[in-house]
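Overview (structure and organization)
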Amino acid sequence: MNGEEIRVGDVALDVTQGSPVHVLEDTGQTAAEWSDANDYELCENYGNSRCGAEPEDRVYDVVYCSSGRSEPSKTYAMPESRLLRIETEAADDGRPVADRVAVGVLEQLFDAAYRSGSDRTLSILEALVQDAVGKDLTTEARELADVGHTIAADGEVDDAN
């Protein structure tokens, strides 16, 4: 693979064309698996073979995003060796887009669990989320929801006075 780990939401370059693409989906398949499922030899494609695509390469569905004048009309399956991830987060010393999106969604889920009023729901959700995305993202999302819940609770008390 070229560059860092590729994740859904990333912008990458198609290294054979030098064109930017947006990663829409991780197919969960290797090039060999994708080829078998789609009756098309992905590694033998001219562009993919020029990049040294291997049967073990992970495959991503992407759309080209090099022109604001035309809307993407289809997705393309590309092996990871054809993609060079652009580290857009380096501009603000931030984090990958996928992590930003995940924390936002998880914060909303924790907020909904708080509103349910059930400590059991919160505990179950936290355990499931941690299993799915790991401790760091879970802790961050839970802490953001905790702050939001505390502020909302303080606001309700202030409004009552």
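So, how was this worked out
Residues numbered from 1 in each chain as written. Predicted model: local features only at pLDDT ≥ 70, side-chain atom pairs only at ≥ 80, totals over all residues. Heavy atoms only, no water. Core = buried A, V, L, I, M, F, W, Y, C linked by side-chain atoms within 4.5 Å. Buried < 20%, exposed > 50% of the residue type's maximum accessible area, 1.4 Å probe, protein only. Helix = DSSP H or I, 4+ residues; strand = E, 2+ residues; numbered from the N terminus. Phe/Tyr/Trp six-rings, centres within 6.5 Å; stacked < 30°, edge-to-face > 60°. Axes fitted to C-alpha atoms, helices over the stretch in contact; angles between N-to-C directions. Parallel < 35°, antiparallel > 145°, perpendicular 65-115°, else oblique. Left-handed = near helix turned anticlockwise from the far one by under 90°. Contact = heavy atoms within 4.5 Å. Expected span 1.5 Å × (residues − 1). Arc of directions from axis to C-beta.

With that out of the way, let us pick up the nonpolar core. One finds Val 103, Leu 106, Phe 110, Ala 113, Tyr 114, Leu 122, Leu 125, Val 129, Leu 137, Ala 141 and Ala 145 forming the largest nonpolar core, which totals 11 residues. Here the element with the most residues in this core is helix α3 (residues 97-116); it accounts for five residues. In this structure, Ile 6, Val 21, Tyr 60 and Val 62 belong to the second largest nonpolar core, which totals eight residues.

As a further point, take the packing of aromatic side chains. The description of an aromatic ring pair rests on the distance of the ring centres and on the angle between the ring planes. In this structure the tally under the stated criterion is two aromatic pairs. Measuring from ring centre to ring centre gives 6.3 Å for Trp 34 and Tyr 40, while their planes differ by 85 degrees; the resulting arrangement is edge-to-face. Between Tyr 64 and Tyr 76 the ring centres are 5.3 Å apart and the planes differ by 70 degrees, which places this aromatic pair in the edge-to-face class. Here Tyr 76 lies in strand β4 (residues 76-79) and Tyr 64 lies in strand β3 (residues 58-64), a separation of 12 residues in the sequence.

Packed helix pairs are specified by the crossing angle of their axes together with the interaxial distance, meaning the distance between the axes. Interhelical geometry of α3 versus helix α4 (residues 119-133) gives an angle of 165 degrees and a closest axis separation of 9 Å. In this view, α3 runs roughly antiparallel relative to α4, as classed from their interaxial angle. As for how α3 packs across α4, the hand of that crossing is right-handed. Within the contact between the two elements, α3 uses Leu 106, Leu 109, Phe 110, Ala 113, Tyr 114 and Ser 116 and α4 uses Thr 121, Leu 122, Leu 125, Glu 126, Val 129 and Val 133.

Here we take up α3. Taking 1.5 Å of rise per residue, the 20 residues of α3 would be expected to cover 28 Å, and the 29 Å separating its terminal C-alpha atoms lies within 8% of that figure. Burial in α3 covers these residues: Ala 98, Asp 99, Val 103, Leu 106, Phe 110, Ala 113 and Tyr 114. Buried residues along α3 cover an arc of 135 degrees about the axis, so they all sit on one side. What points out from α3, more than 90 degrees from its buried face, is the exposed set Gln 108 and Arg 115. Two residues or fewer after α3 comes Gly 117, characterised by a positive phi angle close to 80 degrees.

Another point: unusual backbone geometry. Backbone geometry at Asp 39 places phi at a positive 50 degrees, although glycine is not the residue there. Within the fold, Asp 39 resides in the loop between α1 (31-38) and α2 (46-50). Judged by relative accessible area, Asp 39 falls into the exposed class, the value being 74%.

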